[in-house]
Amino acid sequence: MANLTKSYETVFVLSNKLTEEATAELVKKFTDLIAANGTIDSIDEWGKRRLAYEIDYEQEGYYVLVNFTAPHEFPAELDRIYKITEGVIRSLIIAKEN
């Protein structure tokens, strides 16, 4: 049977307007969600960085990079949750070559 999991990389940027606690809660929410649906290979919190361009009047955001392995249908659900979560100003999910 074919392997139905793939390797992915996701970066999400959280609003600078969030408190430290709210930022930590969102990072935990997303890493727990990914872990529940796949396997996390690495989490790299880049922290506050200047945005390339202003988004919703914000010039900085809190960046988090997660490398993970999951079933091929999970990234669409993760993307949907990013889009409906208050505090996420940008997100990107990329399928990596195995």
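Residues numbered from 1 in each chain as written. Predicted model: local features only at pLDDT ≥ 70, side-chain atom pairs only at ≥ 80, totals over all residues. Heavy atoms only, no water.

Draft legend 1. Highlighting the nonpolar core. The biggest cluster of nonpolar side chains holds 17 residues, and the ones touching the most others in it are Phe12, Leu14, Phe30, Phe68 and Leu78. Elements with a contribution of two residues or more to this core: β1 (5-15), α1 (20-37), β3 (58-71) and α2 (74-84). By residue number, the principal contributor to this core is β3, which donates five residues. Every residue in contact with Phe68, bar those within four places of it in the chain, is listed here: Lys6, Ser7, Tyr8, Thr10, Ile34, Thr39, Ile40, Asp41, Phe74 and Leu78. Formed by seven residues, the second largest nonpolar core is a distinct cluster that contains Val11, Val13, Ile55 and Ile89. (Core = buried A, V, L, I, M, F, W, Y, C linked by side-chain atoms within 4.5 Å. Buried < 20%, exposed > 50% of the residue type's maximum accessible area, 1.4 Å probe, protein only. Helix = DSSP H or I, 4+ residues; strand = E, 2+ residues; numbered from the N terminus. Contact = heavy atoms within 4.5 Å.)

Draft legend 2. Examining unusual backbone geometry more closely. Backbone geometry places Asp56, a non-glycine residue, at a positive phi of 50°. Relative to the helices and strands, Asp56 resides in the loop between β2 (39-55) and β3. Phi at Tyr57 takes a positive value of approximately 65°, unusual for a residue other than glycine. Considering the arrangement of structural elements, one finds Tyr57 in the loop between β2 and β3.

Draft legend 3. Structural view of the sheet that holds strand β4 (residues 88-95). An order of β2-β3-β1-β4 is seen for the four strands of this open sheet, with the pairing classed as antiparallel. With one partner strand each, in any of the chains shown, β2 and β4 form the two edges of the open sheet. Within the sheet, the average angular offset between the axes of one strand and its neighbour, ignoring direction, is 20°. Of the strand pairs in this sheet, β1 and β3 are connected by eleven bridges, and their pairing is antiparallel. Within β3, the position partnered with Val11 by the bridge is Leu65. The strands touched by α1 are β1, β2, β3 and β4; relative to β3, the strand with the most contacts, the crossing angle is about 15°. Against the sheet, α2 makes contact with β1, β3 and β4, and its axis sits at roughly 170° relative to β4, the strand it touches most. (Pairing = 2+ DSSP bridges. Axes fitted to C-alpha atoms, helices over the stretch in contact; angles between N-to-C directions.)

Draft legend 4. Summary view of the pattern of salt bridges. Taken as a whole and assessed by the stated rule, the structure comprises three salt bridges. As a salt-bridge pair, Asp32 and Lys28 come within 2.7 Å of each other at their nearest N and O atoms. Of the two residues, Asp32 and Lys28 are both situated in helix α1; the distance of four residues between them amounts to about one turn of the helix. Ionic pairing is found between Lys83 and Asp79, a salt bridge with its closest N-O pair at 2.5 Å. Of this pair, Lys83 and Asp79 both sit in helix α2, four residues apart, which is roughly one turn of the helix. With relative accessibility at 24%, the residue Asp79 sits in the partly exposed group. (Salt bridge = Lys/Arg side-chain N within 4 Å of Asp/Glu carboxyl O.)

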